[in-house]
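Okay, here's what each chain looks like letter by letter:
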Amino acid sequence: MKKNGWILLLYIGFFCTCTSAAERYDTKAFRIVTKLCSPCHGTPFYMAKQIDEDNWEYFFKTPGELEKIHKGNTQALSSLKSSIFQQKKKRIMKYFINNSKFSGSVHGCDANFCGTHH
Ligand code: HEC
């Protein structure tokens, strides 16, 4: 019985690894960024690649930093203020980090995205 328990645990661990690998990127974060940031920054993957992971963390984690960069830019500020951005800020940061400059990920076409076209 005890041995079976371990096998079951191993099996569950294996299963979880597979499912997270199958999710190639966060499509929810992708859609939010497309709506809020893409009109000025290009597609979310293109945008993510502009800076490295440390910079993404810096911009997202320094209080008021994103607002400071976009000072006087009404459209950008209203994106940053929107409740959807506020709620999903952490998730969006993770999406950018996972696809950042040195992440090594390159995306082909799928249902949401193809090359640099919207
Ligand atoms: C209305 C246009 C506009 C929108 C919308 C917008 N931005 Fe920006 N953003 C800018 C401009 C302009 C700059 C300054 C670019 C520069 O200095 O070269 C900038 C700069 C930045 C930078 C600094 C990058 C760097 O290398 O210095 C970050 C990070 C950033 N924006 C994140 C975001 C995020 C996240 C969103 C969506 C929630 C967003 N922006 C929406 C116009 C916009």
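What you are looking at is a predicted structure, and each value in this text was computed from that prediction instead of being measured.

1. Details of the nonpolar core
Then, number 1: Core analysis: the largest hydrophobic core is formed by 21 residues, its most contacted members being F60, F85, I92, Y95 and F96.
Then, number 2: Those elements that place two or more of their residues in this core are helix 2 (27-36), helix 4 (44-49), helix 5 (53-61) and helix 8 (83-98).
Then, number 3: In terms of residues, this core owes the most to one element, helix 8, which gives six residues.
Then, number 4: In this structure F85 touches L36, F60, L66, S79, L80 and I92, once residues within four positions along its chain are discounted.

2. Some remarks on the coordination of the iron atom of the ligand
Around a metal, the perfect tetrahedron of four donors has angles of 109.5 degrees, and the perfect octahedron of six donors has angles of 90 or 180 degrees.
Then, number 1: Coordination sphere of the iron atom of the ligand, protein contribution only: H41 (NE2) and H70 (NE2), at 1.9 Å.
Then, number 2: Here the iron atom of the ligand binds six donor atoms, and the angle range of 86 to 179° at the metal identifies the geometry as octahedral. On the criterion of sequence distance, the pair formed by H41 in helix 3 (residues 38-41) and H70 in the loop between helix 6 (65-69) and helix 7 (74-81) is long-range, its members being 29 residues apart.

3. Observations concerning the packing of aromatic side chains
Then, number 1: Taken as a whole and assessed by the stated rule, the structure comprises 11 aromatic pairs.
Then, number 2: Their ring planes at 45° and their centres at 5.5 Å tell us that F30 and F45 sit as a pair that is tilted. Of this pair, F30 sits in helix 2 while F45 sits in helix 4; the two residues are 15 residues apart in sequence, bridging distant segments of the chain. Considered together, F30 and F45 belong to a single accessibility category, that of buried residues.
Then, number 3: Note on F30 and Y95: the rings are 6.5 Å apart at their centroids and 80° apart in plane angle, and the pair reads as edge-to-face. With F30 in helix 2 and Y95 in helix 8, the pair connects residues that are 65 residues apart, well separated along the chain.

4. Thoughts on helix 2
Then, number 1: Among all positions in helix 2, only A29, F30, I32, V33 and L36 are buried. The buried residues of helix 2 occupy one face: seen down the axis, they fall within an arc of 165°.
Then, number 2: Looking at the packing, one finds that the buried side of helix 2 touches helix 3, helix 4, helix 7 and helix 8.
Then, number 3: N-capping of helix 2 is provided by D26, with a side-chain oxygen placed 3.1 Å from the backbone N of K28.

5. Observations regarding the site of the ligand
Then, number 1: Around the ligand sit 17 residues in total, of which C37, C40, H41, H70 and N73 are the nearest.
Then, number 2: Within the contact set of the ligand, a nitrogen atom lies 2.7 Å away from a side-chain nitrogen or oxygen of H41.
Then, number 3: Between a nitrogen atom of the ligand and a side-chain N or O atom of H70, the distance comes to 2.7 Å.
Then, number 4: The cavity where the ligand resides is the largest pocket.
Then, number 5: At the level of secondary structure, the elements contributing two or more residues to the shell around the ligand comprise helix 3, helix 5, helix 6 and helix 7.
Then, number 6: Partitioning the shell around the ligand into residue classes produces 13 nonpolar, four polar and no charged.

6. Quick word on the packing of helix 7 against helix 8
Then, number 1: Running from N to C, helix 7 and helix 8 point in directions that differ by 60°, and their axes come no closer than 5 Å. As far as their axial angle goes, helix 8 and helix 7 are oblique. The residues of helix 8 that touch helix 7, namely those facing S79, L80 and K81, are S83, F85 and Q86.
Then, number 2: For the contact of helix 7 with helix 8, a count of residues per class yields two nonpolar, three polar and one charged.

Conventions used here
- Residues numbered from 1 in each chain as written.
- Predicted model: local features only at pLDDT ≥ 70, side-chain atom pairs only at ≥ 80, totals over all residues.
- Heavy atoms only, no water.
- Core = buried A, V, L, I, M, F, W, Y, C linked by side-chain atoms within 4.5 Å.
- Buried < 20%, exposed > 50% of the residue type's maximum accessible area, 1.4 Å probe, protein only.
- Helix = DSSP H or I, 4+ residues; strand = E, 2+ residues; numbered from the N terminus.
- Contact = heavy atoms within 4.5 Å.
- Donors = N, O, S within 2.8 Å, 3.2 Å for Na, K, Ca; no water.
- Tetrahedral: all angles 85-135°; square planar, octahedral: opposite > 155°, others 65-115°.
- Phe/Tyr/Trp six-rings, centres within 6.5 Å; stacked < 30°, edge-to-face > 60°.
- Arc of directions from axis to C-beta.
- Polar contact = N/O pair within 3.5 Å; in protein donor to acceptor, adjacent residues only side chain to side chain.
- Near = heavy atom within 4 Å.
- 1 Å grid on protein atoms, 1.4 Å probe; cavity = no way out; pocket = protein on both sides within 12 Å on 5 of 7 lines; lining within 4 Å.
- Sits in = over half its atoms within 2 Å of the grid points.
- Nonpolar A, V, L, I, M, F, W, Y, C, P; charged D, E, K, R; others polar.
- Axes fitted to C-alpha atoms, helices over the stretch in contact; angles between N-to-C directions.
- Parallel < 35°, antiparallel > 145°, perpendicular 65-115°, else oblique.

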